Every structure is written in structure tokens, then in C-alpha cells.
Amino acid sequence: MAINQKEAIKYNHKHLLGIQYLSIPEVNLILDESLAFVELNRQENKKLKILNGKTQINLFFETSTRTLSSFELAGKRLGADVMNMNVLHSAIKKGETLIDTAMTLNAMHPDILVIRHQDSGAANLLSQKVNCAVINAGDGRNEHPTQALLDAMTIKMKKGKIEGLRVAICGDIMHSRVARSNIYLLNMLGAEVRVIGPSTLMPKNIDAFGVKVFTNMEQGLEDCDIIMMLRMQTERMDGSYIPSTREYYEFFGLDYKKIKNAKEDALIMHPGPMNRGIEIDTSLADDINRSIIVQQVEMGVAVRMACLKILMESKQ
Amino acid sequence: MKKKCITNVRIIDPKNSIDEVGGILINEIGKIEAIGKQVSKGNISEAEFFDCSNKIAIPGIIDMRVFVGEPGFEYKENFRTLSQAAVSGGVTAAITMPNTLPVVDNVSTLDFVKRRSRDKSIIKIFPLAALTKEAAGDDMTEFGLLKLRGAWGFTDGIQCVQSNKVMDKILNYAKNKDALVIQFAQDNELSKNGVVHEGFLSTKLGLKGIPDIAEQIIIERDLRLLEQYKGRYHIALISSKKSLEIIKSAKSKGLTFTVGVSINNLSLNDNDIGDFRTFLKLSPPLRSEEDRLALIDAVKDGTIDVIVSDHKPEDEESKRLTFQQAATGASGIETLLSLSLQHVHNGSCNLNTIIKTLTSNPAKILGLRNGSLSVGSEADIAIFDLEKPWVLNKNNIQSKSKNTAIENKRLQGKVEKTFINGKLVFSE
């Protein structure tokens, strides 16, 4: 019976471009699949043959350590041939457009393209032009779906549920694709989502996305179960949004004093890379009773394996 | 040239307050000889007749904001392709922007544009020259000399003069030469890197927004300066509801100036951008539905004087990029009338008001003798079927660039004949 039910739920897209396009059953399907891979990844022999003969190209236009290595490992553990395109040395630097690059890669018949790009909508554009499945590994400020999925997975593992939890996303909401994907996903799964940050880093009409907006961190953190810290994305800023990092840390940096407003068992997350001493107190970030940042990285590989598998299955 | 006689047509000529069924007689030199009920097949001998029953004749449309690629961007649009596109939409005159390569900021480039358009263009070209050298916003151009050589007005086109000091000098000096100053109102700092209206959609798509205050701050400043000098001033395009409040309040204090709007901002809103449709990346950006409705009301009550196509041809390569990188602007001269008629069909504007904003109002602002069907004037006439339904197919676009914002849109009302100086230049 249970097997039949699982079969009935299908992933109805060719690509994974954003959380906003997914339904609740699709999200649950990905999270359920991820669970099996969490176990696998903890074993000594981690190699499967599910994606044998498949080619996965990681096309990264922005520098990345954890997302790129996570996708690379995920593909390799499933048996795919994985190639990382180093854009810094590619024809892009010689003036080739994204679409031309996509067409070139498309001619090599990959099965999966994982793309990260500095412009919002880049993954959507690419998906219209290639025949293979496209996974968005972060596009501008738009979405970073696998990050939100791994965050949800981490919360589920630690808290046993998502529904009913109070989650605060703190910091540079404006420039964050992680914030957007998480807002969609956590709302979908029944959490109460709050965003906390100075109003200069709040995008317009963010309240219309079903979140409560706080410019005072102490108030925003009240009774929170999960605190998601974001990095100050200085590379996406044109000009000054805050007076100084010193002032920012005073009012929006997470430290032992401010965290007292949250629940006693509140957990801290961060998509990385962290700016210690700007958005988070360095010892708090390493506090094993509080911080689940390392678990996020672990879940990342499992969730990406699940995404790769599901996309390949839905193609068949 | 043989005389021509258009008969049984509904004539709408807002300048002369004509709205009646009758005929138009065009003489041998392409001027209107007679117009009205008395002109019919029965009482005219010797003429080529065009029976246009159930059709409407209006003065040829004057499009006040057109980008042509000559010189420098011929691959996007030249005078010949522009003309073909224009006449298929009933446009008989285009006011061209100075944002060419080089910029029309000196007498010899202006002269080049005039000569090229004289040789290659079917429609009438009324060039504008830049307000400042290279449209860079620093030093004013030779208003007096350029006007003598045929510049009909001055604008930096896609650029807005930022410096308060420079704008002050411009409005002050332009008054001496009775030069028309046209401003594209947008503060560069507030709109820096922005690509869409700042609002729900910009947050959803993760795109940098252009706040509407970037427009208002410039309008507010310019009107303060205008109060001192009281010269000829026109706001090229407005896009937001709040700009209208500023404009209404200034007009109520007795300040005289005029205002334009792009047909795109009247017909579309930011939601139409959907999932990153770069063909709808426009400047000013498509704003909210609330803004759009306010703009329509302002056309209706006369706060807005002209509707323009903001025809900005861009080749496909420059649109096949991410939204951030894609070029700004849409081709639209041939659909200006049909899209405008939508607002007649859905009851939000009357036909006379729409025609006025496309013909006599732009003529009056620029000081052109065109834009009416007065006896003795050049016979620039557009004849259209108000009801005819059609779908805009990209392959049928006449412009060299196919970057329309309304691909596959269903339209109602289509131009069937266009006359320029009495010559039939388009017929369907």
C-alpha cells in the first residue's frame, strides 16, 4: 500500500529551477529520497550505480566551494560522469553569451546541467535552450532551491518536523537567493517564517510573501525554534546599505545575549560562507549545542543526490 | 499626380473638431483641397477614388519618441525599414531621438540625419538634438545653431540630465531660443543597475528594482526650475501614479508644460514580465497595475498630452541574454495605433481623445504644421478599420528588429491605408 502511494507521487518537471515551481508532494518526495542517501553517505561504501552512463556538467559562473563540491560528490556517488566547467578559463571570458555556451554544451549530450550564475533567471533561460535537465545551483538573488531543501532536511532531522516551527531568517534578505527559496519552502511546509534585518536590506513588499518583518533582532527572535543567519553579500551591493560592519554586528550579529530571546533549544543555521564577527559570534558558530551548520553541509550531499536521481527518473 | 478622393469615410480630425462621415479631396500637389460631407463621388469629376465605407480617416500619426539606428546602429533600424514599419501602422511622421553613434549633438551630425532621412525615408522625420554634448549631461549643445539647422527640440533621449546646475542653465538658456526641452525623467543614482519596477515582482524575481521615486524626484526638480524660467518643457515619458500627482499640482498652479506616456506603460504592467521575459525590459520600466490605471485616467482627463510608441529596435542577440544583461526597449511603431485603440474598445477612453494624443497634440507641442486635416495642409492621412481583429505575429513585423513587447497579442483595429503628401504609401 505504502509503495503504491509513493509511486503515485511524481516529480512533474524536467528541471529544478526554483522552489516556487514545486508542490508540497514534490518537496516531500525529494526529502524522503534524501533520507535514504543520508544513511548511505555515512557508510563506508558510498558508491551507487543509479546514474551510470549519465553525464553531469557543473557550470559555475560564480565561485563556490561547498555547493560545487557537494554537487560533484553527489553525482559521483550515484555513478555519473561529472565534469566541472571552470568558467574563469572558458570562452565566456572571450565574450561568448550564456546561450551560446549552453548550445555548445548541449551538443555534447549531457544529461544534467547544474548551473550557478550571478544573474537572476539564468537557469530559466538555460533551461529553455537545452535538452537536458537543468538544476539551479543559485541564480543572482532569485533562488537556490537545493540549499532550501537541504535546510529543510536539516531541520527535519533535528526537530523531527517543520510544521508549526518558528523560523527567523536574519540579515541581508535583499541580496539573498537563499532567503527567497527558504521563504517559499518553509511557508509551504507550514512553518512560521520571520525575516529580521535593517530595512535597507529588506526587499520591497517582502511581507507579501507571507513573512513577518522585524527590524529589531531581539523582538524578531522571540520564541524562535530555528535561526537562519545569512551572509552579508557585499559583492552584490552597489554602495552602502549599512553604516558599518561594527554597527551591524551590534544590532544584527547573533551572539549569546540576543539568542536568549529565542527558545532555549533554538538551533542556528548558516548557508556559508560565514563572516565571523559580522553576522555571528565566532564561538556561537562553533557551539555544538546550538550550531547545526556542519549538518547542513552533510545534508547537502544527500539532498543533491536525491534531486539528481529524481530528475533522471522523471525523464524516463 | 492625379487628384485623389477618399469617400464615405468617417473623418476624425480633433484639431478642427470634425467627426463626420464624408470625403477628403487631395489635389495634384498632395494637399487637402476639400473635406467633409460635400465631398462625394457625385460632385467630383477627374479623381482616383478610394471608397472607404465603414473605415475611419485620421491625420497621419506623429510618433514623438522614435529611435532610428542611423548613424551607428544601422543593423537595428535604418530610415527605410523604419518607414515601412511606420506606414503600416499609420504613422506618417517620427520625432527621432539623438542617441545615435555619434550622438546628434552638433550641426554636422544633424545635417547627416536630415540628408539621410530626406533620401531614404518615406515618412517625415523631425529630428531632435541632444540637450548636452554626447548626451553626457555636462555641457549644453548649441541650441540656437541646431534649431536654425532643423532640430525640433532637445533631449538626451535615454539619458536624464542629472546635475541641478546644468539643468538650471539649460532651462534658462533654452528660453532665449524658444527651444523645446524634453526630459527623460529618471534619477541615475536611485535607478542604478535597476531593470524592473521596484515592487513585489522585483523581489520575487530577485532583480534590482527602479523605484518610482527616481522619476518623481527629477520631475519635481525640473518643475521647480521651470517655475523660474517658464520656457517650453516636455516630460518625455511618465510611468507612475505619484508623478501624476506632482504634475497635476504644478498645472493647477498655472505652470505650462506637457507630458508624454509610452503605449507600453498604458497597456502592460510588471506582471506581464512573468518569468524573465526580456522583451518586456523597458525604460521606464513597466510598473504596477495601479500605476497603469492611473496613467489611463490621465490620458482621459488630459493630464497626459501624447502617447508615443517609444520605438526602440534592438537586435535579437541583445535580447537573448539574462534579464540583467539584456538590452532595454521594444520595437513598437507599427502597433502604436492598434494598441491605443484597445483603450477605446474596453471603454476607458473615447476615440477622439486617443487620436488627439497621437496627432494634433504632438504637432502642437513641437510646432509642426502637420497633425490635422485642415484644407491646404499636406495630405498625411491614415485610414483604419476600428473593429478588425488581428494577431501580432513576429514574422509580420516590418521593423528590422522584432523585439516587440506584445508578441502574439490579439488586437482590434488595423490600419489599411496610409497617405503621405497625398501619395498612397501603404495599402492592405
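Residues numbered from 1 in each chain as written. Chains lettered and ligands numbered in written order. Predicted model: local features only at pLDDT ≥ 70, side-chain atom pairs only at ≥ 80, totals over all residues. Heavy atoms only, no water.

Caption draft 1: Looking closely at the overall build of chain A. When helices and strands are counted, chain A shows eleven helices and nine strands. Relative to the compact-globule value of 20 Å for 316 residues, chain A shows a C-alpha radius of gyration of 19 Å, a close match. Principal axes of the C-alpha set define a box for chain A whose edges measure 55 × 55 × 40 Å. Looking at chain A residue by residue over its 316 residues, the buried ones come to 58%. (Helix = DSSP H or I, 4+ residues; strand = E, 2+ residues; numbered from the N terminus. Rg over C-alpha atoms; globule rule 2.2 N^0.38 Å. Buried < 20%, exposed > 50% of the residue type's maximum accessible area, 1.4 Å probe, protein only.)

Caption draft 2: Representation of the interface of chain A and chain B in the model. Contact residues are listed per partner, giving 26 residues for chain A and 19 residues for chain B. A buried area of about 1800 Å², summed over both sides, lies between chain A and chain B, and 53% of it is on carbon and sulfur atoms. The three residues of chain A that bury the most area against chain B are Asp119(A), Lys204(A) and Asp238(A), which together make up 26% of that side's buried surface. At the junction of chain A with chain B, the criterion picks out one salt bridge. (Contact = heavy atoms within 4.5 Å. Buried area = accessible area lost by both parts, 1.4 Å probe. Salt bridge = Lys/Arg side-chain N within 4 Å of Asp/Glu carboxyl O.)

Caption draft 3: Seen up close, the nonpolar core. Within the largest apolar cluster, 117 residues are counted, with the highest numbers of intra-cluster contacts made by Phe257(B) and Phe384(B). When residues of this core are assigned to their parent elements, the largest contribution, six residues, is made by helix H7 (residues 213–229) of chain B. Non-local contacts of Phe384(B), meaning those with residues more than four positions away in its chain, are made with Lys55(B), Ile56(B), Ile58(B), Leu337(B), Leu341(B), Leu351(B), Ile355(B), Lys414(B), Val415(B) and Glu416(B). Of all hydrophobic cores here, the second largest spans 65 residues; its members include Val27(A), Phe37(A), Ile169(A) and Val301(A). (Core = buried A, V, L, I, M, F, W, Y, C linked by side-chain atoms within 4.5 Å.)

Caption draft 4: Up close: the side chain of Glu378(B). All names here are of chain B. Along the polypeptide, Glu378 turns up in the loop between helix H13 (360–366) and strand E16 (381–391). At a separation of 2.7 Å, a polar atom in the side chain of Glu378 contacts the side chain of Arg369. Dropping the residues within four chain positions of it, Glu378 is found in contact with Gly30, Lys31, Ile32, Lys124, Arg369, Asn370 and Asn421. (Polar contact = N/O pair within 3.5 Å; in protein donor to acceptor, adjacent residues only side chain to side chain.)

Caption draft 5: Up close: the pairing of strand E2 (residues 18–26) of chain B. Residues and elements named next belong to chain B. When strand E1 (residues 4–13) meets E2, the two strands line up antiparallel, connected through eight bridges. Note that in E2 the partner of Asp13 across the bridge is Ile18. Here E1 folds back onto E2 in antiparallel fashion, the turn holding four residues, of which Ser17 has a positive phi close to 50°. The pairing of E2 with strand E3 (residues 32–36) spans four bridges and is classified as antiparallel. Looking across to E3, one finds that Ile24 is bridged to Ile35. Counting the residues that bridge the hairpin from E2 to E3 gives five residues, and of these Gly30 lies at a positive phi of roughly 80°. (Pairing = 2+ DSSP bridges.)

Caption draft 6: Region of the structure containing the confidence of the model for chain B. With 100% of its residues at a pLDDT of 70 or more, chain B shows a mean pLDDT of 97. For this predicted complex, the interface score ipTM comes out at 0.90, while the overall pTM is 0.93. (pLDDT = per-residue confidence, 0-100.)

Caption draft 7: Just the packing of aromatic side chains, in detail. Taken as a whole and assessed by the stated rule, the structure comprises eight aromatic pairs over all chains. With a centroid separation of 4.8 Å and an interplanar angle of 50°, the aromatic rings of Phe143(B) and Phe154(B) are classed as tilted. Here the residue Phe143(B) occupies a position in helix H3 (residues 143–148), and Phe154(B) occupies one in strand E9 (residues 154–155), the gap between them amounting to eleven residues. This pair shows no difference in class: Phe143(B) is buried, exactly as Phe154(B) is. Ring geometry for Phe143(B) against Tyr173(B): centres 6.1 Å apart, planes inclined by 45°, an arrangement best described as tilted. Remark: Tyr173(B) occurs in helix H4 (residues 164–176) and Phe143(B) occurs in helix H3; sequence separation between them is 30 residues. Pairwise contacts between aromatic rings join Tyr184(A), Phe209(A) and Phe200(B) into one cluster. If you follow Lys41(B) out to its NZ or CZ, it ends over the ring of Phe49(B), 5.3 Å from the centre. Above the ring of Trp390(B), the side-chain terminus of Lys414(B) is found at 4.4 Å from the ring centroid. (Phe/Tyr/Trp six-rings, centres within 6.5 Å; stacked < 30°, edge-to-face > 60°. Lys NZ or Arg CZ within 6 Å of the ring centre and 35° of its normal.)

Caption draft 8: Local environment of the pattern of salt bridges. The full count for this structure, using the stated rule, is 38 salt bridges over all chains. Among the salt bridges present, the one from Glu198(B) reaches Lys204(A), with a minimum N-O distance of 3.8 Å. Taken as a pair, Glu198(B) in the loop between strand E11 (196–197) and helix H6 (200–205) and Lys204(A) in the loop between strand E6 (192–196) and strand E7 (212–214) lie in two separate chains rather than in one. Among the salt bridges present, the one from Asp301(B) reaches Lys248(B), with a minimum N-O distance of 3.9 Å.

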